[in-house]
Amino acid sequence: MEKFNMQRFGWLLRQTVHHQSKSLLMTALGCVLLHLGAQCGSFYPFSFTPSATPEATERVAMDQSSVFFLLASVFFMFWCISLCGYHLKDKPGRIAALMLPATVQEKYAAQLLIFTVGAFVANLLGIVVADLLRIVLFSLQPQAYGTALPALVDFCGRMWAQFCTDVTQGSLPEMRGLFMFLPLAKGFCLYAIFLLGAVIFRRRAFAITLCILVAFTVVVSMMLSSHFMAHEHDSVNPVSVCLTLLFYLLSGVGLVALSYALFKRVTLVRRKWF
Amino acid sequence: MLRIENIQFSYGRRAPHIFDNFSLRFESGHIYGLLGKNGTGKSTLLYLISGLLHPQQGQIRFLGNDVKQRHVETLREMYLVPEEFDLPHVTMERYVALNACFYPRFDHEILRNCLHDFSLSPDLHLGKLSMGQKKKALMSFALAAGTHLLLMDEPTNGLDIPSKSVFRQVVARYLGEDRTLIVSTHQVNDVAMLLDHVVMLQESRLLLNRSVTEISEAVRCEVRPLGEPTDDALFVQPSIQGNAVVVRNDRPDEEFPLQMELLFCCAEAGCLPQELTQTKSL
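Residues numbered from 1 in each chain as written. Chains lettered and ligands numbered in written order. Predicted model: local features only at pLDDT ≥ 70, side-chain atom pairs only at ≥ 80, totals over all residues. Heavy atoms only, no water.

Student: Can you help me understand the packing of aromatic side chains in this one?
Tutor: Two aromatic rings, taken as a pair, are described by how far apart their centres are and by the angle between their planes. Residue and element names in this part refer to chain A. In the structure shown here, the tally under the stated rule is 17 aromatic pairs over all chains. Centroid distance Phe 75 to Phe 206: 5.0 Å. Interplanar angle 80°. Geometry classified as edge-to-face. Taken as a pair, Phe 75 in helix H3 (residues 54–81) and Phe 206 in helix H8 (residues 205–230) lie far apart in primary sequence, 131 residues in all. When the centroid spacing of 4.8 Å and the interplanar angle of 15° are considered together, the rings of Phe 78 and Phe 194 count as stacked. Residue Phe 78 is located in helix H3, and its partner Phe 194 is located in helix H7 (residues 176–201); the two are separated by 116 residues in the primary sequence. Note on accessibility: Phe 78 and Phe 194 belong to one class, buried. An aromatic cluster is defined as three or more aromatic residues linked by ring pairs; in this entry it consists of Phe 75, Phe 78, Trp 79, Phe 194 and Phe 206. (Phe/Tyr/Trp six-rings, centres within 6.5 Å; stacked < 30°, edge-to-face > 60°. Helix = DSSP H or I, 4+ residues; strand = E, 2+ residues; numbered from the N terminus. Buried < 20%, exposed > 50% of the residue type's maximum accessible area, 1.4 Å probe, protein only.)

Student: I would appreciate a short explanation of a nonpolar patch on the surface in the present structure.
Tutor: Side chains of Leu113(A), Val117(A), Phe120(A), Val121(A), Leu124(A) and Leu125(A) sit close together on the surface and give an oily, nonpolar patch of about 540 Å² of accessible area. Position of Val121(A) relative to the elements: it lies in helix H5 (residues 104–137). (Patch = residues over 30% accessible without salt bridge, like charges linked within 9 Å, V, L, I, M, F, W, Y side chains within 5 Å. Areas by Shrake-Rupley, 256 points an atom, 1.4 Å probe, with all protein chains shown as cover. Salt bridge = Lys/Arg side-chain N within 4 Å of Asp/Glu carboxyl O.)

Student: I would appreciate a short explanation of the pairing of strand S9 (residues 197–202) of chain B in the present structure.
Tutor: The side chains of a regular strand alternate between both faces of the sheet. All names here are of chain B. Among the six residues of S9, six are classified as buried, and the element is accordingly described as predominantly covered. Neither face of S9 is exposed, since His 197, Val 199 and Leu 201 on one face and Val 198, Met 200 and Gln 202 on the opposite face are all buried. Where strand S3 (residues 31–36) lies against S9, five bridges are found, and the strand directions are parallel. Residue Gly 36 lies in a different strand from S9, and its bridge partner there is Leu 201. Summarising the sheet, S9 and strand S10 (residues 205–211) pair through six bridges and their orientation is antiparallel. Across the sheet, the residue bridging to Val 198 is Arg 210, located in S10. Counting the residues that bridge the hairpin from S9 to S10 gives two residues, and of these Glu 203 lies at a positive phi of roughly 50°. (Pairing = 2+ DSSP bridges.)

Interpretation note: all reported values are geometric properties and have no functional meaning in isolation.
Here you go:
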């Protein structure tokens, strides 16, 4: 295996950002519009009529906007990771990518870094910009609300506190640590699924991966619904918790490894899956 | 320098083989013309050499490395100017700043001279150029990259007539003696004067693999007026000016320009002497 060269990796990052600056800019703009749309949707019902209980109404509006912020953020992060393979969508793109004198690890890591960390940063900036734009757009309404950012931070804190309480008071308080990791493991597994989709489908990767994921979830749920109903009142089993956590973690790692293996095997001629 | 050993390649399991037990060797310091009709595998061979495609059998080694592995030291020493390409919407200066660092022997002086010869401004914006201008800019970058191996797929497609002449001058002037250029083209007349070695493909086999010197020593091309006998000709192609013929060269001390198009047609018709078409052992 060739050595990972940090200097060359830096050149790769710089080159990727510049060569894909237009699509990155459009993605960032899309992020702002997504958050703005979510914000307008959450504040619209509360902005046109002054409320009899303004404080309570404001709390509801802020909580609603926080939910929309978080949903939009999740959507945006998965959208961005689906762009990892977009530069390989056509023949000229594949020639340029494959002929570049850098190792496969460096090329793969550069794409991951830009579309994961970069997406996270773009998402945070998108939230701030969308919040400011919402304030400006709704400033002339009968009921204008200020920034929703402190409410978002507070909402996340309350969600985490509630989650910790549920876990501690649940049927297996001694497994609290493992329960804490379950949402993270599930999120990592989902991330890996969209990453694999990006490498396989390249163009329209997000839409295709989402459709397959939804279809798979519906089918599996239908197949296992009778099993769930039969065991609905069973107490939580420590072994099943561990196995579930392990399943998600290993699946995530396996899918990331698979996406890397497929990325490494990319050639000029696209393998037709359908 | 570049060895292609017994490769077999097809574009799918059920597709016919483009190459079957195909071998070829390229030495450094030469300009090779890869000629053939449409669909004979010229571009495919370039993609196999550059590691963009992998043969099902056999291997291709460049400077001792298997090109399939796409090692950095291999990629650093080869540059491909494809027929279809896309340049980012940045200035040439920015493009060079972002890409030249990957090629240790990149020469900015050569780039400036090539752009000047192609009548392109050094501060041009790649997004605002026509296809032909983009091609000239990319070829300038390729020549400046300083790689040992330069591959060009149909380089004169899209170039106007004066630019084709400039292309030949630029390649002759800036290629360098230690570098190898493999040009794949069906526009043989555009590159005929550049070549010092001719490789002709026909239906996935090697039709001709000889240096221009060897070909010139064996045959010569001439145009005979209509009515003049052509019994001694290996190949005759009638034209308005007369009969273009290929004959055995019985005057080795004299120099005769090779007419690549005529030679190509002669080779396609199977009329070349055996000493030219016999496969050389690698």
